[in-house]
Amino acid sequence: VTVLVREVTEFLNPGPGKCFLDGTVGGGGHSEALLIASAPDGRVIGIDRDEEALAAARERLKNFAARFIARQVGRHHPARLQAHALQARLRDPDQ
């Protein structure tokens, strides 16, 4: 269940040609409302950490495929995290 759809849509005031970033796309409810309200050429970039949520959003929004881009964010490879920690220690050995 998508909450506060009307309020979010009213606040963002979507219209044709506008582009939106949905930072927690989840199941795609807010993105869907924005895509409908910004027809025919408005776009939404949806990001989420949860790949299953992104898959659900892609399925829900498949009719908007040309106007909806979904990407996973926030998942870091352990080796990359270790490299960042090492770089931080090299800059500040007291950490």
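Residues numbered from 1 in each chain as written. Predicted model: local features only at pLDDT ≥ 70, side-chain atom pairs only at ≥ 80, totals over all residues. Heavy atoms only, no water.

### Details of the overall build of the protein chain
Part 1 of the reasoning: Secondary structure assignment for the protein chain yields four helices and three strands.
Part 2 of the reasoning: Mapped from its N terminus to its C terminus, the protein chain presents α and β elements in the order α-β-α-β-α-β-α.
Part 3 of the reasoning: Burial analysis of the protein chain (95 residues in total) assigns 27% to the buried set.
Part 4 of the reasoning: Long-range pairs, those at least 24 residues apart, make up 58% of the contacts in the protein chain between residues at least 6 apart in sequence.
Part 5 of the reasoning: When the accessible surface of the protein chain is split by element, carbon and sulfur atoms take 56% of a total near 6700 Å². (Helix = DSSP H or I, 4+ residues; strand = E, 2+ residues; numbered from the N terminus. Buried < 20%, exposed > 50% of the residue type's maximum accessible area, 1.4 Å probe, protein only. Contact = heavy atoms within 4.5 Å. Areas by Shrake-Rupley, 256 points an atom, 1.4 Å probe, with all protein chains shown as cover.)

### Considerations on the confidence of the model for the protein chain
Part 1 of the reasoning: Across the protein chain, the average pLDDT comes to 87, with 78% of residues at or above 70.
Part 2 of the reasoning: Highest mean pLDDT in the protein chain belongs to helix H2 (residues 29-37) (97); lowest belongs to helix H4 (residues 78-91) (62). (pLDDT = per-residue confidence, 0-100.)

### Thoughts on the pairing of strand S2 (residues 43-48)
Two faces belong to every sheet, and in a regular strand the side chains alternate between them.
Part 1 of the reasoning: Side-chain alternation along S2 places Val-44, Gly-46 and Asp-48 on a buried face and Arg-43, Ile-45 and Ile-47 on a face that remains uncovered.
Part 2 of the reasoning: One ladder, built from four bridges, connects strand S1 (residues 19-22) with S2; its direction is parallel. Within S2, the position partnered with Phe-20 by the bridge is Val-44.
Part 3 of the reasoning: Chirality of the crossover, the property in question, places the unit of S1, H2 and S2 among those that are right-handed.
Part 4 of the reasoning: Remark: the S2/helix H3 (residues 51-60)/strand S3 (residues 68-72) crossover connection has right-handed handedness. (Pairing = 2+ DSSP bridges. Right-handed = clockwise from strand over helix to strand, strands pointing away.)

### Overview of the sheet that holds S1
Part 1 of the reasoning: Taken in spatial order, the three strands line up as S1-S2-S3 in an open sheet, and their pairing is parallel. The sheet terminates laterally at S1 and S3, the two strands that pair on one side only. Averaged over all pairs of adjacent strands, the angle between strand axes in this sheet comes to 15°, irrespective of strand direction.
Part 2 of the reasoning: Pairing between S2 and S3: five bridges, direction parallel. Paired with Ile-47 across the strands is Arg-71, a residue of S3.
Part 3 of the reasoning: Each of S2 and S3 touches H3; the most contacted strand, S3, lies at about 170° to it. (Axes fitted to C-alpha atoms, helices over the stretch in contact; angles between N-to-C directions.)

### Regarding the nonpolar core
Part 1 of the reasoning: By size, the foremost hydrophobic cluster in this structure holds eleven residues: Phe-20, Val-25, Leu-34, Leu-35, Val-44, Leu-54, Ala-57, Leu-61, Phe-64, Phe-68 and Ala-70.
Part 2 of the reasoning: If you list the elements that add at least two residues to this core, you get H2, H3 and S3. (Core = buried A, V, L, I, M, F, W, Y, C linked by side-chain atoms within 4.5 Å.)

### Brief notes about the pattern of salt bridges
Part 1 of the reasoning: As enumerated under the stated definition, the model contains five salt bridges in all.
Part 2 of the reasoning: For Glu-7, the salt bridge is made with Arg-6, and the minimal N-O distance between the two is 3.3 Å.
Part 3 of the reasoning: Taking relative accessible area as the criterion, Glu-7 reaches 36% and is therefore assigned partly exposed.
Part 4 of the reasoning: Note that Glu-10 and Arg-6 form a salt bridge whose closest N and O atoms lie 3.4 Å from each other. Here the residue Glu-10 and the residue Arg-6 both occupy positions in helix H1 (residues 5-12), the gap between them amounting to four residues, near one helical turn.
Part 5 of the reasoning: Look at the salt bridges and you will find they share partners, linking Arg-6, Glu-7 and Glu-10 into a network. (Salt bridge = Lys/Arg side-chain N within 4 Å of Asp/Glu carboxyl O.)

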